[in-house]
Amino acid sequence: MKRILVVAISCLLFAMPLLAYADALVEPQNDFYWRYWNQTVYLGRSFVANGENGTVPVREEPGASGTTAMLQKSDVTYVERSCLYDREFWGYTDEYSGWVPLGQMLVLYDYVAFAEEHPGEFYLYDGDFAEIKNGKAAIAWPWPGAEDSLWTYEDLDTEYFFISYAYMDDNGNEWGFITYLYGGRNIWVCLSDPLNPDLPALHPALEPSVWVLETAHIDIYRDLGTRAKMQTTFIISITSVLVLIAGTAVLIKVLWKPKELLQEDNSND
């Protein structure tokens, strides 16, 4: 059962980027984002500015010198994807159409942080979410026991309602995690009491924390350097071959004599 749960969660995490793009209404207007999209990693978390001097720059691309905007301390922005560039992690924020250095940001407490705090407590859901079927509605929460809810789903078509995995809180309420539903991503609903807005806040949000790397990244800067070296080596090799061919042609032209000319030289002797 544990192995099945691990596989299921892994598949869901793999599908998150695809779901995000299927739902996107406006494509990011950033050249670097599209040039190196396959070398970035889906993140989907909110961060707060925490620069040493009180601000955090937003740049057109990682490593650029100019800024397109400046985040003030405590400004919050949603980071869609992350990348590694010259040994530094950057995050793309669609709100500013640019990249922020994640080392100068703190991640807000969310569904990922909740999962990290409750390892081994999630399980596969085998119920039929009867309460939600009956009411055709449910309140969305950022995580079980959060202080504030997100929004309310009404007129739910349960045909598209899928619980990725479940969790039981200390009060005996069962919760279900939903990867995607009607534009909402990575949300929880209380399966036992789906329309109760006053559920106990058993897990209030903790303070923002330093982001911990969850997925391996490719260093785009180093990868570009490797490509450049390969291209340079290729160009040098081709140039050397061309020079050799040209030199050989010159030598042939200077040293080689047709048979007729050799016969004339011999007769003159």
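Predicted model only: the values in this text are computed from it and were never measured.

## Some thoughts on the layout of surface pockets
The computed volume of the second largest pocket comes to approximately 440 Å³. What lines the second largest pocket is a set of 19 residues, and nearest its centre among them are Ser46, Tyr78, Tyr111, Arg185 and Asn186. Listing elements by their share of the lining of the second largest pocket, those giving two or more residues are strand S1 (41-49) and strand S12 (184-190). Taken together, the residues of the lining of the second largest pocket break down into 10 nonpolar, five polar and four charged.

## Points about the nonpolar core
It is characteristic of soluble globular proteins that their nonpolar side chains tend to be buried jointly. Ranked by size, the top nonpolar core spans 17 residues in total, and within it Phe114, Phe122, Trp141, Trp143, Tyr167, Trp175 and Trp188 carry the most contacts. Of all the elements in the fold, those that place two or more residues in this core are helix H3 (111-117), strand S10 (165-168), strand S11 (174-181) and S12. With four residues, H3 is the largest single contributor of residues to this core.

## Describing the pattern of salt bridges
For the coordinates displayed, the defined rule picks out three salt bridges. A salt bridge links Glu61 to Arg35, with the nearest nitrogen and oxygen atoms 3.5 Å apart. Of this pair, Glu61 sits in the loop between strand S2 (55-58) and strand S3 (69-72) while Arg35 is found in helix H2 (residues 31-35), placing the two residues 26 residues apart along the sequence. In this structure Arg35 comes out as partly exposed when scored by relative accessible area, which is 45%. Note that Glu214 and Arg45 form a salt bridge whose closest N and O atoms lie 2.8 Å from each other. One end of the pair, Glu214, is in the loop between strand S13 (209-210) and helix H5 (220-255); the other, Arg45, is in strand S1, with 169 residues separating them in the sequence. Judged by relative accessible area, which is 42%, Glu214 ranks as partly exposed. One connected set of salt bridges, linked through shared partners, spans Arg45, Asp110 and Glu214.

Rules and cut-offs
Residues numbered from 1 in each chain as written. Predicted model: local features only at pLDDT ≥ 70, side-chain atom pairs only at ≥ 80, totals over all residues. Heavy atoms only, no water. 1 Å grid on protein atoms, 1.4 Å probe; cavity = no way out; pocket = protein on both sides within 12 Å on 5 of 7 lines; lining within 4 Å. Points joined across faces, edges and corners; volume = space filled by probe spheres on them. Helix = DSSP H or I, 4+ residues; strand = E, 2+ residues; numbered from the N terminus. Nonpolar A, V, L, I, M, F, W, Y, C, P; charged D, E, K, R; others polar. Core = buried A, V, L, I, M, F, W, Y, C linked by side-chain atoms within 4.5 Å. Buried < 20%, exposed > 50% of the residue type's maximum accessible area, 1.4 Å probe, protein only. Salt bridge = Lys/Arg side-chain N within 4 Å of Asp/Glu carboxyl O.

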